[in-house]
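Chain residues, written in single-letter form:
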Amino acid sequence: QIDLQNDVLFESKPAHVRAVFSPQKDGVSDSESKVDSGVPEVPVPADDTPEVLNKALSGLSSRWKNWWVRGILTLAMISFFFFIIYLGPMVLMMIVLCVQIKCFQEIITIGYSVYHSYDLPWFRTLSWYFLLCVNYFFYGETVTDYFFTLVQREEPLRILSKYHRFISFALYLTGFCMFVLSLVKKHYRLQFYMFGWTHVTLLIVVTQSHLIIHNLFEGMIWFIVPISCVICNDIMAYMFGFFFGKSPKGCCKTWEGFIGGFFSTIVFGIMLSYVMAGCRYFVCPVEFNNDSNSFQVDCEPSELFQLQDYALPSMLESVTGWTTVCLYPFQIHSIALSSFASIVGPFGGFFASGFKRAFKIKDFANTIPGHGGIMDRFDCQYLMATFVNVYIASFIRGPNPTKVIQQLLALRPDQQLYIFNSLKAHLTEKGLLPALEEAAAA
């Protein structure tokens, strides 16, 4: 019966799709091809809009009902976002981890709906095991990097840090062997499809969430502004498309929505950056205080967050009548962040839409009424996180003396002495050492 259903599904596919999954001449049997080619459709999640909203909006058309549901839930999510920002960086990191796990669960559930119909073993077990392994690797690297002094102080942590990559590899190798042992005859192709499914999901979800946490350590402003720009672009593109778009369905994915969202996000990014750049709580890197064993966000703001005068081009000067304008340098960088969020960021959503259409589903899940699953809300955020991390590494971050000193203190005395003599010789050759000695004596 399953084979008959698979044949019907297979024949209903377009010719180019049937060609991809058709029996090959390289030794793959007809029976294996038949079993692996048919892909069951994923069940569509039921609408779980709260009954209160359904009753209150029962007299509206489906278009306006969806608008109100999305609007109310959007305001609720924005309020929750402000609340977790107030709670501090540690809570933000925990929320990022929870979002990562939920996004992974939504994507893996789609794969499991396909995989489970063949009654093959260990797919979900191995998927969650690999998630554990990858998180152990990434968070172990983060702990070693940002809590170096604490790790060196505690003997168990020091040992785990020293052999961290070997332990991570051993854990992954265990999962790899478990997968090989779970292979079932006549289902090899499907099982390798799902093995690749799990790893691509890990690449998209876990790696990007790890980059989000790295951005957060650079300063909460590098976390809040990019995320807010994506949210602003999503909302304004929907609003412009809904009210000014020419699509008969009132869809937000119109040229009016794209253009309106772009300019709105640029203005929003500049304004939000101006407000946040003057607050140390947002601009200072998140660092671990070894004395109090807690996070701290207190520092002397860098030049990036200090007001500076910029001369206006002659064309703008003639229009505004101003010769200079006072801005934070970060506001200029915010234009690049806003532009990416408006132009390239939506492609994360397009990618997710194509993925959902491939499985004939509207949303990844029904976690948030009117919005779908958590992954439906964070599809653009992951792409944005990668850009911000690359942008910081390329244009912002410089050598960190604190981390260099921490690494030097972990060396043996003879290695420290060698580096001291090398640095002393280098400073003497540059003519800096005598001046430094005179300054110290004075």
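Positions within a chain are numbered from 1, following the residues in the order the chain's sequence is written. Under the rules for a predicted model, residues below a pLDDT of 70 receive no local features and side-chain atom pairs below 80 are neither given nor counted, while totals for whole chains, interfaces and linings still include all residues. Heavy atoms throughout the structure, all of them, feed into the side-chain values; hydrogens and water do not.

**Quick notes on the overall build of the protein**
(1) Moving on: For helices the rule is a DSSP run of H or I covering at least 4 residues; for strands it is a run of E covering at least 2, with both sets numbered from the N terminus onward. Each helix and strand counted, the protein has 21 helices and four strands in total.
(2) Moving on: Exposure classes here rest on a 1.4 Å probe applied to the protein chains alone. A residue is buried below 20% of its type maximum, exposed above 50%, and partly exposed in between. Every one of the 442 residues in the protein was classed for burial, and the buried ones make up 39%.
(3) Moving on: Areas reported here follow the Shrake-Rupley algorithm with a probe of radius 1.4 Å; residue values treat only the protein chains shown as occluding. Just so you have it, the protein exposes about 25400 Å², and 67% of that area is on carbon and sulfur atoms.

**Overview of the UniProt feature "transmembrane region" (unreviewed entry) in the protein**
(1) Moving on: UniProt positions are given in the numbering used here, feature names are shortened, and annotations may be inferred rather than shown by experiment. Taking the numbering used here, the UniProt-annotated feature "transmembrane region" (unreviewed entry) corresponds to residues 122–139, 166–184, 191–213, 219–245, 257–283 and 330–352.
(2) Moving on: Overall, residues 122–139 shows 94% helix and 0% strand. The separation of its end C-alpha atoms is 25 Å.
(3) Moving on: Regarding residues 257–283, the helix share stands at 93% and the strand share at 0%, and the terminal C-alpha atoms are separated by 32 Å.

**Regarding the confidence of the model for the protein**
Low pLDDT marks regions whose predicted coordinates should not be analysed in detail.
(1) Moving on: Here the protein shows a mean pLDDT of 80. Residues at 70 or above account for 80%.
(2) Moving on: Per-residue confidence from the predictor is reported as pLDDT, which spans 0 to 100. Ranking the helices and strands of the protein by mean pLDDT puts helix 10 (residues 164–181) first, with 96, and helix 2 (residues 15–21) last, with 39.
(3) Moving on: Predicted confidence for residues 1–40 stays below pLDDT 50, and this span has 46 contacts to residues more than four positions away or in other chains. Any two residues having at least one pair of non-hydrogen atoms within 4.5 Å are treated as being in contact.

**So, unusual backbone geometry**
(1) Moving on: Positioned with a positive phi, Lys186 is a non-glycine residue whose angle comes to about 75°.
(2) Moving on: Take Lys186: it is sitting in the loop between helix 10 and helix 11 (188–217).

**Here we look at the state of the cysteines**
(1) Moving on: Note that a disulfide, as used here, is simply two cysteine sulfur atoms within 2.5 Å. All told, the structure shown has one disulfide when counted by the stated rule.
(2) Moving on: What pairs with Cys284 in a disulfide is Cys299, and their sulfur atoms sit 2.1 Å apart. Between Cys284 and Cys299, the S-S dihedral sits near -95°, and the bridge is therefore left-handed. Pair noted here: Cys284 is in the loop between helix 14 (280–283) and strand 1 (287–289) and Cys299 is in the loop between strand 2 (294–296) and strand 3 (308–311), with a separation of 15 residues, a long-range link.
(3) Moving on: Note on Cys284: relative accessible area 0%, which makes it buried.
(4) Moving on: Of the residues examined, Cys299 reaches a relative accessible area of 24% and is grouped as partly exposed.

**Things to note about a nonpolar patch on the surface**
(1) Moving on: In this scheme, patches are assembled from residues that exceed 30% relative accessible area and form no salt bridge. Like charges are connected within 9 Å, while nonpolar side chains (Val, Leu, Ile, Met, Phe, Trp, Tyr) are connected within 5 Å. A carboxyl oxygen of Asp or Glu within 4 Å of a side-chain nitrogen of Lys or Arg is what we treat as a salt bridge. A contiguous nonpolar patch, built from Trp255, Phe258, Ile259, Phe263, Ile343, Val344, Phe347, Phe350 and Leu383 and spanning about 910 Å² of accessible area, is present on the exposed surface.
(2) Moving on: When residues of the nonpolar patch are traced back to their parent elements, those giving at least two are helix 13 (255–277) and helix 17 (346–358).
(3) Moving on: Tracing the backbone shows Leu383 in helix 18 (residues 374–396).

**Topic: the packing of aromatic side chains**
Aromatic rings in a pair are described by how distant their centres are and how their planes are angled relative to each other.
(1) Moving on: Working definition: rings of Phe, Tyr and Trp (its six-membered ring) pair if their centres are within 6.5 Å, and the pair is stacked with planes under 30 degrees apart, edge-to-face with planes over 60 apart, and tilted otherwise. Applying the stated criterion across every chain yields a total of 23 aromatic pairs.
(2) Moving on: Taking the centre distance of 5.5 Å and the plane angle of 35° together, the rings of Phe305 and Phe330 count as tilted. Here the residue Phe305 occupies a position in the loop between strand 2 and strand 3, and Phe330 occupies one in helix 16 (residues 329–343), the gap between them amounting to 25 residues. There is no split in this pair, since Phe305 and Phe330 are both buried.
(3) Moving on: Aromatic side chains Phe355 and Phe359 sit 5.4 Å apart centroid to centroid with 45° between the ring planes, which places their arrangement in the tilted category.

**Some thoughts on the nonpolar core**
(1) Moving on: Definition of nonpolar core: a set of buried residues of the types Ala, Val, Leu, Ile, Met, Phe, Trp, Tyr and Cys, connected through side-chain atoms within 4.5 Å. Among the nonpolar cores identified, the biggest contains 75 residues, and Ile221, Trp222 and Phe223 are the most heavily contacted of them.
(2) Moving on: With 11 residues, helix 11 is the single largest residue contributor to this core.
(3) Moving on: Look past the residues within four positions of Phe223 in its chain and what remains in contact with it is Phe81, Leu92, Val96, Ile212 and Leu216.

**Some remarks on the environment of Asp234**
(1) Moving on: With respect to the helices and strands, the residue Asp234 is situated in helix 12 (residues 220–244).
(2) Moving on: Residue Asp234 is classed as partly exposed on the basis of its relative accessible area, which comes to 33%.
(3) Moving on: In this structure, the C-alpha to C-alpha distance between Asp234 and Phe262, residues 28 residues apart in sequence, is 9.8 Å.
(4) Moving on: Polar contact is the term for a pair of N or O atoms within 3.5 Å; when the atoms are in protein, one must be able to donate a hydrogen and the other to accept it, and sequence-neighboring residues count only if both atoms are side-chain atoms. Looking at Asp234, its side chain comes within polar contact range of the side chain of Arg377, at 2.7 Å.

**A look at the side chain of Asn233**
(1) Moving on: Here Asn233 shows up in helix 12.
(2) Moving on: Once residues lying within four places of it in the same chain are set aside, the contact partners of Asn233 are Gly261, Phe262, Thr265, Ala341, Ser342 and Pro346.

**Details of the pattern of salt bridges**
(1) Moving on: Scanning the model with the defined rule gives nine salt bridges in all.
(2) Moving on: Close ionic contact of Arg280 with Asp298 constitutes a salt bridge, the shortest N to O distance being 3.8 Å. Placement of Arg280 in helix 14 and of Asp298 in the loop between strand 2 and strand 3 is noted, with a sequence separation of 18 residues between them.
(3) Moving on: When its relative accessible area of 38% is taken as the criterion, Arg280 is described as partly exposed.
(4) Moving on: Overall, Asp298 belongs to the exposed group, its relative accessible area being 54%.
(5) Moving on: Between Asp376 and Lys356 there is a salt bridge, with its nearest N and O atoms 2.6 Å apart. Linking Asp376 in helix 18 with Lys356 in helix 17, this pair joins segments that are 20 residues apart in sequence. For the pair shown, Asp376 and Lys356 are each scored as buried.
(6) Moving on: Shared partners join several salt bridges into a network, and the residues in it are Arg280, Asp298 and Glu300.

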